[in-house]
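Letter by letter, the chains look like this.
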Amino acid sequence: IHFVLLISRQGKVRLTKWYSPYTQKERTKIMVMNAQLAQVIRELSGLILARGPKLCNFVEWRDLKVVYRRYASLYFCMCISQDDNELEILEVIHYYVEILDRYFGSVCELDLIFNFHKAYYILDELLIAGELQESSKKTVARLIAAQDSLIETAKEQSGSISNMIVQATK
Amino acid sequence: MNPFSSGTRLRDMIRAIRACKTAAEERGVVRKECAAIRAAVSENDQEYRHRNLAKLMFIHMLGYPTHFGQMECLKLIASAGFPEKRIGYLGLMLLLDERQEVLMLVTNSLKQDLNHTNQYIVGLALCALGNICSAEMARDLAPEVERLLQFRDPNIRKKAALCSIRIIKKVPDLAENFTNPAASLLKEKHHGVLITGLQLCTDLCKASEEALEYFRKKCTEGVVKVLKDIANSPYAPEYDISGITDPFLHIRLLRFLRILGQGDADASDCMNDILAQVATKTESNKNAGNAILYECVETIMSIEDNSGLRVLAINILGRFLSNRDNNIRYVALNMLMKAITVDTQAVQRHRATILECVKDSDASIRKRALELVFLLVNDSNVKPLTKELIEYLEVSDQEFKGDLTAKICSIVEKFSTDKIWYIDQMLKVLSEAGNFVKDEVWHALIVVISNASNLHGYTVRSLCKAVQTSGEQESLVRVAVWCIGEYGEMLVNSTGMLDIEEPITVTESDAVDVIEIAIKRHTSDLTTRAMCLSALLKLSSRFPACSQRIKDIIIQYKGSLVLELQQRSIEFNSIIEKHHNIRSLLVERMPVLDEATYNGRRAGSLPGTASASNGAALNLPNGVAKPPAAPLVDLLDLSSDDVPTPSPSGGDFLQDLLGVDLSPASSQSGTIQAQKSGTDVLLDLLSIGTPPARSSSSTSDILSSIQDNKTSSGTLERLSSPSALSAQSSSPAGGSPIMDLLDGFAPNLATQENNGPSYPSIVAFESSSLKLMFNFSKSPGNPQATTIQATFTNKSTNIFTDFIFQAAVPKFLQLHLDPASSNTLPASGNESITQDLRVTNSQHGKKSLVMRIRIAYKANSKDVLEEGQINNFPRGL
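Residues numbered from 1 in each chain as written. Chains lettered and ligands numbered in written order. Predicted model: local features only at pLDDT ≥ 70, side-chain atom pairs only at ≥ 80, totals over all residues. Heavy atoms only, no water.

The name an unreviewed UniProt entry assigns to chain B is AP-1 complex subunit gamma, from the organism Actinidia chinensis var. chinensis. Here chain B is described in UniProt, under the heading Sequence similarities (unreviewed entry), as follows: "Belongs to the adaptor complexes large subunit family." UniProt lists a comment for chain B under the heading Function (unreviewed entry), and it reads "Subunit of clathrin-associated adaptor protein complex 1 that plays a role in protein sorting at the trans-Golgi network and early endosomes (TGN/EE). The AP complexes mediate both the recruitment of clathrin to membranes and the recognition of sorting signals within the cytosolic tails of transmembrane cargo molecules." (UniProt positions renumbered as here; feature names shortened; annotations may be inferred.)

You'll find chain A entered in an unreviewed UniProt entry as AP complex subunit sigma, with Actinidia chinensis var. chinensis given as the organism. Word for word, the UniProt comment on chain A under Function (unreviewed entry) is "Subunit of clathrin-associated adaptor protein complex 1 that plays a role in protein sorting at the trans-Golgi network and early endosomes (TGN/EE). The AP complexes mediate the recruitment of clathrin to membranes and the recognition of sorting signals within the cytosolic tails of transmembrane cargo molecules." Annotation of chain A in UniProt includes, under Subunit (unreviewed entry), the sentence "Adaptor protein complex 1 (AP-1) is a heterotetramer composed of two large adaptins (gamma-type subunit and beta-type subunit), a medium adaptin (mu-type subunit) and a small adaptin (sigma-type subunit)."

S.K.: What's the story with the confidence of the model for chain A in this structure? I'm lost.
M.R.: As a general rule, the predicted coordinates of low-pLDDT regions are not to be interpreted in detail. Residue and element names in this part refer to chain A. Taken residue by residue, chain A gives an average pLDDT of 79. The fraction at 70 or more is 81%. Mean pLDDT across the elements of chain A ranges from a minimum in helix α1 (residues 24-49), with 62, to a maximum in helix α4 (residues 116-126), with 91. Under a pLDDT of 50 for its full length, residues 46-53 has, in the predicted model, six contacts with residues more than four places off or in other chains. (pLDDT = per-residue confidence, 0-100. Helix = DSSP H or I, 4+ residues; strand = E, 2+ residues; numbered from the N terminus. Contact = heavy atoms within 4.5 Å.)

S.K.: Looking at this model, I keep getting lost on the side chain of Lys55 of chain B. Mind explaining?
M.R.: All names here are of chain B. Looking at where Lys55 falls in the secondary structure, it is placed in helix α3 (residues 49-61). By relative accessible area, Lys55 is classed as buried at 3%. Filtering out sequence-adjacent residues up to four positions away, Lys55 remains in contact with Arg9, Leu10, Met13, Glu33 and Ile37. (Buried < 20%, exposed > 50% of the residue type's maximum accessible area, 1.4 Å probe, protein only.)

S.K.: Honestly, helix α7 (residues 119-132) of chain B in this entry has me stumped. Any pointers?
M.R.: It helps to recall that an α-helix has 3.6 residues per turn; residues three or four apart then point in one direction. Residue and element names in this part refer to chain B. The end-to-end C-alpha distance of α7, which contains 14 residues, comes to 20 Å, matching closely the 20 Å that a straight helix rising 1.5 Å per residue would cover. Buried residues dominate α7, accounting for 13 of its 14 residues. Capping the start of α7, Asn118 holds a side-chain oxygen 2.8 Å from the backbone nitrogen of Tyr120, two or three residues further along. (Expected span 1.5 Å × (residues − 1). Polar contact = N/O pair within 3.5 Å; in protein donor to acceptor, adjacent residues only side chain to side chain.)

S.K.: Please explain the nonpolar core as it appears in this structure.
M.R.: Within soluble globular proteins, side chains that are nonpolar generally end up buried alongside one another. With 263 residues, the main nonpolar core has Tyr96 of chain A together with Leu92, Phe215 and Ile354 of chain B as its most contacted residues. Within the second largest apolar cluster, 28 residues are counted, among which are Ile788, Ala790, Phe803 and Phe812 of chain B. (Core = buried A, V, L, I, M, F, W, Y, C linked by side-chain atoms within 4.5 Å.)

S.K.: Quick question: what am I supposed to make of the state of the cysteines here?
M.R.: Cysteine pairs can be covalently joined through their sulfur atoms, and such a bond is termed a disulfide. The tally for this structure, following the rule as stated, stands at zero disulfides over all chains. Cysteine Cys77 of chain A remains unbridged, with the sulfur of Cys79 of chain A as its closest cysteine sulfur at 9.6 Å. (Disulfide = S-S within 2.5 Å.)

S.K.: Sorry if this is basic, but what is going on with the pairing of strand β2 (residues 13-18) of chain A here?
M.R.: As a general feature of sheets, a regular strand has side chains that alternate between the two faces. All names here are of chain A. Counting buried residues in β2 gives six out of six residues, a clear majority hidden from the surface. In this structure, strand β1 (residues 3-8) lies alongside β2, joined through five bridges in antiparallel fashion. Within the sheet, the bridge partner assigned to Ile7 lies in β2 and is Val13. In textbook terms, the turn of a hairpin is the stretch between consecutive antiparallel strands, and for β1 and β2 this stretch comprises four residues, one of which, Gly11, has a positive phi near 85 degrees. (Pairing = 2+ DSSP bridges.)

S.K.: How should I be thinking about the environment of Thr66 of chain B in this particular structure?
M.R.: All names here are of chain B. In this fold, Thr66 is placed in the loop between α3 and α4 (70-78). The class for Thr66 is buried, based on a relative accessible area of 4%. With 29 residues separating them in the primary sequence, Thr66 and Leu95 have C-alpha atoms 7.2 Å apart.

S.K.: It is not clear to me how the environment of Leu148 of chain B should be interpreted in this structure. Could you clarify?
M.R.: Residues and elements named next belong to chain B. The topology assignment puts Leu148 in helix α8 (residues 135-148). By relative accessible area, which is 0% here, Leu148 ends up buried. Not counting residues up to four positions away in its chain, the partners in contact with Leu148 are Leu114, Val122, Leu126, Ile156, Arg157 and Ala160.

S.K.: I would appreciate a short explanation of the pairing of strand β5 (residues 74-81) of chain A in the present structure.
M.R.: Residues and elements named next belong to chain A. Within β5, seven of the eight residues are buried, which leaves it mostly tucked inside the rest of the structure. Here six bridges tie β1 to β5, and the two strands are oriented antiparallel to one another. Bridging from a neighbouring strand, Leu6 pairs with Phe76 of β5. As paired strands, strand β4 (residues 64-71) and β5 are joined by eight bridges and run antiparallel to one another. Each residue of the ladder has a partner; that of Tyr71, found in β5, is Leu74. Count of turn residues in the β4/β5 antiparallel hairpin: two residues, of which Ala72 carries a positive phi of about 50 degrees.

S.K.: Please clarify how the packing of aromatic side chains should be interpreted in this entry.
M.R.: Two aromatic rings, taken as a pair, are described by how far apart their centres are and by the angle between their planes. All names here are of chain B. Taken as a whole and assessed by the stated rule, the structure comprises 19 aromatic pairs over all chains. With 6.3 Å between their ring centres and 85 degrees between their planes, Phe774 and Phe776 make a pair best called edge-to-face. Judged on exposure class, the residue Phe774 and its partner Phe776 are both buried. An aromatic cluster of three or more residues is present, and its members are Phe792, Phe800, Phe803, Phe805 and Tyr857. One Lys or Arg, Arg38, reaches over the ring of Phe68 and ends 4.2 Å from the middle of that ring. (Phe/Tyr/Trp six-rings, centres within 6.5 Å; stacked < 30°, edge-to-face > 60°. Lys NZ or Arg CZ within 6 Å of the ring centre and 35° of its normal.)

Here it is as structure tokens:
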């Protein structure tokens, strides 16, 4: 996987993760390209859903492929090499969405906007260097929960410290 | 202290940005936030550091510059607490990429964190390293990662495995260190570790042949067993995806087996059974199952031959192809492309279905199917396939027509058995989608027509019919106009009728009508109009009765704002009016175009462009940007250079013959035009007659082409009369009758003759910051010695100091460098450094000069080194 993008129906970028080196300029270009893609896909699927089978979820781009899948208002795009398994990537996307869903409790776009960092943390438990690292949703959930609780503890501690300071200065 | 759960300010900012109605408003909010963050950064504010970084990441995602936050990431990573590190690493991965030098500063923190007692912090560091590590970091931190492959917690082991992949991708030499620990990961039960371990082993095999051998010997059986277990495992809720236990693990096992089996019969044997089992037993009604089948088919196709398995695999693909799900059909086409090299016959069986896919409503599927069809074409099926494709061309989407025509054209060209079929098919394509056809295609068509002397009449009549119905297809019109100009009388006399033809009656004025319509059509471009004028000139002699009408049409362009048309109009008019005696000679039919030369050119243009892009870094222009001092000599050099003729090659050759660039007479623009295109006119004309002789007789070439240019009207003449090629050497006399057509030609001629013996300056080297020009002079007595004056110009805005130029030459040359005029080069080309080089060529006349150069200087107190090779020296030095 070369990069992961989340793009809303309006073409707004919600998450970007790059596993291959791209310059900032290329990144912007890709994002714009994908945003347009999302628009085109939206228009097309609107047209075509009504009749016949739906379009396939792969778009060829340069010498790579973008696999996308739409969930409500969000397009999840992953870019892979020509000889990677497209069908598997669809599963990876779905797997990521399921974990997000479980974590946020029926996830919606707003969750991902306001808690974008959490979406990133979860993605980091799923993929490293563009490769899948875990196939068990339970394990991912457990790891994320453990790290979140570390944060909570740290917060409580510092909270108690600042409380002490506040009390001491009274 | 955590900004995300307690601090509302990140939330507030996101809300504020989302509330913006316009882009300008959003920019305003972002600018304000960025200013605040900058202030906090410069005050070294600690309390809100992670909140600020989180905001920056959001701003970054919106596409605003956030480089000022990079150091903040490093500070957060260096702090002690987990929350700070977590957001710091996230920022690091998001805001930086591996090329940034800032990244080097984080190596130390990473090293500490990889040895941290808290395993989650180790995990963070591994994750960051795996995503952004550079080659230097990979070298520095490889031992830590290697050690972590044996860490007690499996979650760290799996992260370390993926991190190792990145490391060996960056530094393949390190592969051998990881081979042993990677092999032991394959024995684990934990799925995450297995998945990542397999991935690591796969990548190790790609990086090192030894690793592949090692795994083949030690792991094949083990991996087969794991696959067997997982394929037969009972329902496991933790890993279940639509009824299949861990398809991700399945896929990685199959992929690894593919690599082990490829090129090794024993290993392939070992996995046959399990592959057969997976191929037959896997459920194919859900995507996950199909993903496994797809991977399995690919493995079967790649490992050593087993015909039974292959039949199974092709059958699976056949099933895929008839699936209703477009995704499945897409991957089937994809896989059939690979299978075609293994078993063409089996793929041919699905031809009908594949052809249907070309007509699919889905662009990706169409594209794949078209490529596959292209591969399936052979001598026996080319006719029905082409027919199908051309029929589909009529109804296909606009955006697909470009691809489709290109493929049809290359199929037709590649497999045409007889010329009439070729011409028929091309006419059909041009009539349907002439506007999508590339120039080479219709150029090639004209060459073929020109060579098919028994089909001239048939072709011109078919074209005439086609153009009546499809006059909006530009390239069809061009071919038609050219043919009518050449073979107009056959159109009218119905000469060379074929049995299959329906007779048509076309009068002379009908033929002129066709061209008049074409020239007046507002969508016609310059090339078409120019071709129309040439065709009219030809017809004026062929159809004497229409001569007056043709003259009237030509005269209308006397006032054209387009120089080319105006010039043609005036010249042609003058030919028609004043030069009856030579007109018929002038407009004689073109000599048959030489197919071999044309094809050679076309083939040559491909490596030509490739070498141009390879050389882009050095940017040694080859006659493209040469100064106009003595273009003629220059131009001739192009033909003898090792490098193929630069960009305007194949296409121009024919264009020139068609008279498109026929503009030698304008003395003002003469030199420049000569460089761009006029050049090729000369060259190409020369090359038609004597392609092989070119390199051997360079001096006579120069001579004769100077003469050529003298009678530059001679190009005109030569275009139309085959005898002109042999008349070339006696041209000063032969060309004279036409000379008076071209007023103001004499001065041009004079300069060119004067410049004859000298050599053109060249741009020897050019980079983004520096330009190097060479001027050449020779002392009369010594042909072997050349004095080169090198002129360096600074294109950048920085002063260059400590400027040193070095050059090296092969053994047959001797080089002496005089001291340079200065070692400081002021900015922006204000001044230049000059330096003389004296070269003695002991193989003078046999070999051309070549030189390797190196230029060192300091810009902005940084050392810069630029290197290049110069091989565009003029010949004969």
